[in-house]
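Chain by chain, the residues:
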Amino acid sequence: MIDAKAGLDWLEDRGIPSPSVHVYGYSLGTGTAVPLAADRAVASVVLAAPFASIAEMGYDQFPKWFVDAILTDRFDSIARIQDVEEPVLIIHGTEDATVPQHQSERLMAAGGDNITRLLFDGAGHGWDLFEPRGNAAILDFLRQHESTKMASEATTAP
């Protein structure tokens, strides 16, 4: 998380304000993308194969006491998603054996109406999530929210 915030600071130091940055997280990276967007104003957020929390992922496989004893960072996206105000796109495959789709379903349910979730039938956790459907959906989402942002800036310009 420190590195993600430092990355946004680096961009801002070079004249790129964080509200113009689109945040993207894939799998484990979604555990950083969500709190980053919850803490900082960004343009939008794309989450590919996200989980609700690492703890919940662990609970699917191991006894709760064991998971709670060994985790030092819970990557608790479900606790932070309601703090993300920007548009969020979640993409997930129905055949994802690494991060089951119920994880993103829980994440979406915990968030607001700014979240769109797309499931891709037959897609797993790898390239089949992205090619060709996922990539097209991400590009459409980014284009839509970039044009919405530019139109909003044009109407508020002096």
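Being a predicted model, the structure only gives us computed values, none of them experimental.

Hey, could you go over the packing of helix α1 (residues 2-13) against helix α2 (residues 30-39) for me, with residue numbers and the actual values?
Put simply, α1 and α2 touch, their axes get as near as 9 Å, and they point 50 degrees apart. By the angle class used here, α1 and α2 are oblique. The element α1 and its partner α2 pack so that their crossing is right-handed. The segment α1 lies against α2, with Ala4, Lys5 and Leu8 engaging Thr32, Leu36 and Asp39. For the contact of α1 with α2, the class distribution of residues is 3 nonpolar, 1 polar and 2 charged.

Quick one: what's the story with the nonpolar core, residue by residue and with numbers?
Counting residues in hydrophobic clusters, the biggest one holds 19 residues, and the most contacted among them are Val45, Leu47, Ile81, Val84 and Val88. Secondary-structure elements contributing two or more residues to this core are α2, β2 (44-48) and β3 (88-93). Ranked by residue count, the leading element in this core is α2, at 5 residues. Contact partners of valine 45, with chain neighbours within four places excluded, come to Val23, Ala37, Val84, Pro87, Val88, Leu89 and Phe141.

Account for the pairing of β3, naming residues and giving values.
Of all the 6 residues making up β3, 6 are buried; the element is thus mostly covered by neighbouring parts of the structure. On β3, burial covers both faces: Val88, Ile90 and His92 on one face and Leu89, Ile91 and Gly93 on the other are all buried. Strand direction decides the pairing type here: β2 and β3, joined by 4 bridges, are parallel. Paired with valine 46 across the strands is leucine 89, a residue of β3.

Describe in detail the pattern of salt bridges, supporting the description with residues and values.
Overall, the coordinates contain 9 salt bridges when judged by the stated rule. As a salt-bridge pair, lysine 5 and aspartate 39 come within 3.1 Å of each other at their nearest N and O atoms. Highlighted residues: lysine 5 in helix α1 and aspartate 39 in helix α2, separated in sequence by 34 residues. When its relative accessible area of 30% is taken as the criterion, lysine 5 is described as partly exposed. A salt bridge links aspartate 68 to arginine 74, with the shortest nitrogen-to-oxygen separation between them at 3.1 Å. Salt bridges linked by common partners bring Lys5, Asp39, Arg80 and Asp83 together as one network.

So what about a nonpolar patch on the surface? Which residues, and what values?
Judged by side-chain polarity, Phe62, Trp65, Phe66 and Ile70 come together as a nonpolar surface patch covering roughly 470 Å² of accessible area. Following the sequence through the fold, phenylalanine 62 ends up in the loop between α3 (54-59) and α4 (64-70). Phenylalanine 62 gets classed as partly exposed once you look at its relative accessible area, which sits at 46%.

Account for the side chain of arginine 40, with residues named and values stated.
One can find arginine 40 in the loop between α2 and β2. Judged by relative accessible area, which is 18%, arginine 40 ranks as buried. Reaching out from arginine 40, the side chain makes a polar contact with the side chain of aspartate 9 at a distance of 3.0 Å. Within the local environment of arginine 40, its side chain forms a polar contact with the side chain of glutamate 12, the two groups lying 3.4 Å apart. If we skip the residues at most four places from it in the chain, arginine 40 touches Lys5, Leu8, Asp9, Glu12, Ser18 and Glu86.

Residue-level account of the sheet that holds strand β1 (residues 22-26), with values.
Pairing is parallel across the open sheet formed by 4 strands, whose spatial order is β1-β2-β3-β4. The open sheet has two free edges, formed respectively by β1 and β4 (115-120), since each of these has just one partner strand. Ignoring which end each strand starts from, the neighbouring axes of this sheet average 15 degrees apart. As paired strands, β1 and β2 are joined by 5 bridges and run parallel to one another.

About the criteria used
- Residues numbered from 1 in each chain as written.
- Predicted model: local features only at pLDDT ≥ 70, side-chain atom pairs only at ≥ 80, totals over all residues.
- Heavy atoms only, no water.
- Axes fitted to C-alpha atoms, helices over the stretch in contact; angles between N-to-C directions.
- Helix = DSSP H or I, 4+ residues; strand = E, 2+ residues; numbered from the N terminus.
- Parallel < 35°, antiparallel > 145°, perpendicular 65-115°, else oblique.
- Left-handed = near helix turned anticlockwise from the far one by under 90°.
- Contact = heavy atoms within 4.5 Å.
- Nonpolar A, V, L, I, M, F, W, Y, C, P; charged D, E, K, R; others polar.
- Core = buried A, V, L, I, M, F, W, Y, C linked by side-chain atoms within 4.5 Å.
- Buried < 20%, exposed > 50% of the residue type's maximum accessible area, 1.4 Å probe, protein only.
- Pairing = 2+ DSSP bridges.
- Salt bridge = Lys/Arg side-chain N within 4 Å of Asp/Glu carboxyl O.
- Patch = residues over 30% accessible without salt bridge, like charges linked within 9 Å, V, L, I, M, F, W, Y side chains within 5 Å.
- Areas by Shrake-Rupley, 256 points an atom, 1.4 Å probe, with all protein chains shown as cover.
- Polar contact = N/O pair within 3.5 Å; in protein donor to acceptor, adjacent residues only side chain to side chain.

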